[in-house]
Amino acid sequence: MTADFLTEPAIHQEHPDFIQKLRSQGLHAFKKYGFPTSRQEDWRFTPLETLLETQFIPSASGAIDLDIPEDFLLSDVYRITLVDGELSPELSDLPELPEQLVLCTLSDAFTDHSELIQKYLHQLISPAENGFTALNAAHLGAGLLIFLPAGLILDKPLHILHLDGKGQENTAVHLHHLLILEDNASATVLMHHLGTSSQVHFTNVLTEISAARESRLSICKIQDSTDADYHISHTALHQAEDSEIQVFSVDIGARIVRNDIRMHLNGKGSSGSISGVFVGRDRQIMDQHTHIHHNSPNGTSRELYKGILTDHARGVFNGLIYVAPDAQQTDSEQTNRNLLLAETARMNSNPQLEIHADDVRCSHGSSTGQLDEDALFYLQSRGIDRKRALALMIEGFAGEVLNDLPCSSLQAKMFSHITDRLALAKI
Amino acid sequence: MTSTPLIDVHNLHVEVEGKEILKGINLTVKPGELHAVMGPNGSGKSTFANTISGHEKYRITGGTIHYRGQDLAEWSPERRACEGIFQSFQYPVVIPGVNNIYFLKTALNAIRRYREEEEVDAMDFMQLIREKLKTVKLDESFIHRPVNEGFSGGEKKRNEILQMVTLEPTLSVLDETDSGLDIDALKIVAEGVNQYRNPERSFVVITHYQRLLNYLEPDYVHVLKDGRIVTSGGRELSDKLELEGYTWLENNE
């Protein structure tokens, strides 16, 4: 079964040794462990059978003949577009990028920024972490390097648009992004996966983020793939002293989604937030795993994760807050709220606290329920019809996350997109 | 000269979760009138209010409610609102994440659409709402907060009156709008209602105490007990209840 997924990576003589080594580590790990199975606790709710039954072919480089949907031509951003993992200069728009910024494909970085990436590549996510990370490492090559040297403040959001649609059936896209902020650097990055084609895609993306002292980052991942796709994502973040990161995660599309976010507050006084919303309909599976590790004193973390499920959709929230023995004065709050719009929708929520320090303030809460009928009646009693009242409440529910998205034009589109999708599901 | 009743309730029986709460209510309210419905706890006051608004939990098992000559029974809650019926709730609910201003504008435009009137745009609505806020003495920050979230008891009730004066209903049913209010908030609410009164608009004011009625000048006072109106009269009836309490009714039976 696993062999179908592996095409022996080509040996590129010109790539540095450490790259070849990472690839072969990935290859060996994948051959040894294969894909995770539902017998593994951490993958209990992620049924991978349909994914494994499909023979996916790595995307071939080739002509790109498509346009960015007009709705997503955001103004006032730097835009870089990847189509099935391959950079499309024609669909990118990068005027007057700050000179000090390094923005290039990972494969270019193998030769042009070899020393730099060697320090960061696969440092936060081991190739052997699981079958997907192994497979990803074995195919190491596609993805982006984004490097902000000390003090660089990116004046506009960087919109990284991932489109599908080279027309190849059952395409596998393995991506590895490196986002590095040196001391005092600051950026807003929108990582946006947009499905437009009718072909099935399997996207397997690793994102390693390193934020040095007093750097600031807003990173927003929007997954809006087509309904037949598979999307496996693993994001890991390292935060140094007094750094601040806001992570937003929006999952709307794909048949099966597995989204891991691991935030490591390694430096004293660092603060991080994770705000997530996922929307599932039909038989979508939305499997969300987050870890926040407080490894140093005086760290702050906030997590708000919201799920909306209808039809036979299924959601998982598995959120761990870990506080290391010397991470005193940690201040952490975690909340997971889920809305079930149909009796057939299901949610498994598993918030966990693991605290090894004694002087901390940590709280967590989780709730799953239906829309409040009294609130619906209240809206109706003011003249708002039931369908609009439902939409209003769902917008309000998702709004507690989406209202803070660091790009207002994208925010408005997300709201209408979510209500459209749920209206299709006949709520 | 007698005008047509705005609302005409005839021998109304209502069940809640299989239990009969209203056992034959008769009440006729004409345009411009303010009727007070008083009664002890559990007498069916809120059931009466919620039945008029169309909450599906309240099932009419007998009798009729006619509004402007039309039977209400089959109307959805939103249709009732669009036709000019408004309830100020005893316990206004929180609508998480929905801003008060967005909610009010959505409601006003829903009603205007129903009436085939032009919708109000954001700018005009802002101007309108600033005027209305003055009526209930609330500041502007209030409308940018989620509906009723973190509002004090008094703010919730003033928010109900704000909705009333914005949506401009013909029949307003105020369900214990005075409960939980301090004297200042009570006066603000009463002033809001008094300013809103005119010869076309009618009110059913439901209350346990008569203190709100000190400011409202009811035309009629009805006493509800065990699902029936046991006595009706003028203003003097509420004074009597204030002095003698609801036990006076028992002694009178």
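Above this note sits the structure.
So, here's what we can say about the structure. Just so it is clear, the model here is predicted, and its values are computed rather than measured. (Residues numbered from 1 in each chain as written. Chains lettered and ligands numbered in written order. Predicted model: local features only at pLDDT ≥ 70, side-chain atom pairs only at ≥ 80, totals over all residues. Heavy atoms only, no water.)

Here the focus is the overall build of chain A. The number of helices and strands found in chain A is eight helices and 20 strands. For chain A, whose C-alpha radius of gyration is 21 Å, the value lies close to the compact-globule estimate of 22 Å for 427 residues. Buried positions account for 60% of the 427 residues belonging to chain A. Considering only contacts within chain A whose residues lie at least 6 apart along the sequence, 84% involve residues at least 24 apart. Of the roughly 16400 Å² that chain A leaves accessible, carbon and sulfur atoms contribute 45%. Charge centroids of chain A, computed over 32 positive and 57 negative side chains, lie 6 Å from each other. (Helix = DSSP H or I, 4+ residues; strand = E, 2+ residues; numbered from the N terminus. Rg over C-alpha atoms; globule rule 2.2 N^0.38 Å. Buried < 20%, exposed > 50% of the residue type's maximum accessible area, 1.4 Å probe, protein only. Contact = heavy atoms within 4.5 Å. Areas by Shrake-Rupley, 256 points an atom, 1.4 Å probe, with all protein chains shown as cover. Lys, Arg positive; Asp, Glu negative; His and termini not counted. Charge placed at Lys NZ, Arg CZ, Asp CG, Glu CD.)

Turning our attention to the side chain of threonine 51 of chain B. When you line up the elements, threonine 51 of chain B lands in helix H1 (residues 45-53). For threonine 51 of chain B, a relative accessible area of 2% corresponds to the buried category.

Residues and elements named next belong to chain B. The buried count for H1 comes to eight of nine residues, which makes it a mostly enclosed element. By the burial criterion, the buried members of H1 are Lys45, Thr47, Phe48, Ala49, Asn50, Thr51, Ile52 and Ser53. Glycine 54 occupies a position one or two residues after H1 and carries a positive phi of about 95 degrees.

In terms of nonpolar packing, the biggest core is built from 94 residues, with Leu402 and Met414 of chain A together with Ile95 and Met164 of chain B touching the most fellow members. It is helix H7 (residues 386-402) of chain A that provides the largest number of residues to this core, a total of nine residues. Apart from the residues lying within four places of it in its own chain, the contact partners of isoleucine 95 of chain B are Ala375, Tyr378, Leu379 and Met393 of chain A together with Pro146 and Val147 of chain B. Membership of the second largest hydrophobic core comes to 51 residues, among which are Leu148, Leu158, Ile219 and Leu340 of chain A. (Core = buried A, V, L, I, M, F, W, Y, C linked by side-chain atoms within 4.5 Å.)

As a further point, take the interface of chain A and chain B. Contact with chain A, which involves 20 residues of that partner, is made by 33 residues of chain B. Between chain A and chain B, the buried area comes to about 2000 Å², and carbon and sulfur atoms account for 65% of it. Remark: the boundary between chain A and chain B carries one salt bridge. Between arginine 382 of chain A and glutamate 160 of chain B there is a salt bridge; the shortest N-O distance is 2.7 Å. On the surface where chain A and chain B come into contact, there are eleven residue pairs in polar contact (both at pLDDT 80 or more). Elements supplying a minimum of two residues to the side of chain A that touches chain B: helix H6 (373-380) and H7 of chain A. The greatest single-element share of the side of chain A that touches chain B, amounting to eight residues, is contributed by H7 of chain A. (Buried area = accessible area lost by both parts, 1.4 Å probe. Salt bridge = Lys/Arg side-chain N within 4 Å of Asp/Glu carboxyl O. Polar contact = N/O pair within 3.5 Å; in protein donor to acceptor, adjacent residues only side chain to side chain.)

All names here are of chain B. Here four strands make up an open sheet; going across it, the order is S2-S1-S4-S5 and the pairing antiparallel. Among the strands making up the open sheet, the edge pair consists of strand S2 (19-29) and strand S5 (70-71). Pairing of strand S1 (residues 7-16) with S2, which is carried by eight bridges, proceeds in the antiparallel orientation. Directly across from valine 16, in S2, lies its bridge partner lysine 19. Along the sheet face, H1 touches S1, S2 and strand S4 (58-67) and points at about 110 degrees away from the line of S1. (Pairing = 2+ DSSP bridges. Axes fitted to C-alpha atoms, helices over the stretch in contact; angles between N-to-C directions.)

To continue, consider the packing of helix H5 (residues 153-167) of chain B against helix H6 (residues 183-196) of chain B. All names here are of chain B. At a minimum axis separation of 10 Å, H5 and H6 run at an interaxial angle of 10 degrees. The angle between H5 and H6 places the two elements in the roughly parallel class. Contacts from Arg158, Ile161, Met164 and Val165 of H5 reach H6 at Ile188, Val189, Gly192, Val193 and Tyr196. In terms of residue class, the contact of H5 with H6 is built from seven nonpolar, one polar and one charged. (Parallel < 35°, antiparallel > 145°, perpendicular 65-115°, else oblique. Nonpolar A, V, L, I, M, F, W, Y, C, P; charged D, E, K, R; others polar.)

Another aspect to go through is the environment of threonine 4 of chain B. Secondary-structure assignment places threonine 4 of chain B in the segment before S1. The sequence separation of threonine 4 of chain B and valine 165 of chain B amounts to 161 residues, and the corresponding C-alpha distance is 24 Å.

All names here are of chain A. Evaluation of the coordinates by the stated rule reveals 31 salt bridges over all chains. Between arginine 44 and glutamate 41 there is a salt bridge; the shortest N-O distance is 3.4 Å. For arginine 44, a relative accessible area of 44% translates into the label partly exposed. Each of Asp42, Glu129, Arg258, Asp260, Arg262 and Asp287 takes part in one network of salt bridges that share partners.

What follows covers the packing of aromatic side chains. Evaluation of the coordinates by the stated rule reveals 14 aromatic pairs over all chains. When the centroid spacing of 5.8 Å and the interplanar angle of 80 degrees are considered together, the rings of phenylalanine 377 of chain A and phenylalanine 89 of chain B count as edge-to-face. In this pair, phenylalanine 377 of chain A sits in helix H6 while phenylalanine 89 of chain B sits in the loop between strand S6 (85-88) and helix H3 (100-114), so the two residues belong to two different chains. Here phenylalanine 377 of chain A and phenylalanine 89 of chain B have matching classes, each one buried. Ring pairing ties together the aromatic residues Phe30, Phe35, Trp43, Phe56, Phe132, Phe202 and Tyr230 of chain A, which thus form one cluster. Cation over ring: lysine 156 of chain A sits above tyrosine 78 of chain A, and NZ or CZ is 4.8 Å from the ring centre. Its guanidinium or amino end placed over the ring of tyrosine 378 of chain A, arginine 382 of chain A lies 4.9 Å from that ring's centre, counting from NZ or CZ. (Phe/Tyr/Trp six-rings, centres within 6.5 Å; stacked < 30°, edge-to-face > 60°. Lys NZ or Arg CZ within 6 Å of the ring centre and 35° of its normal.)

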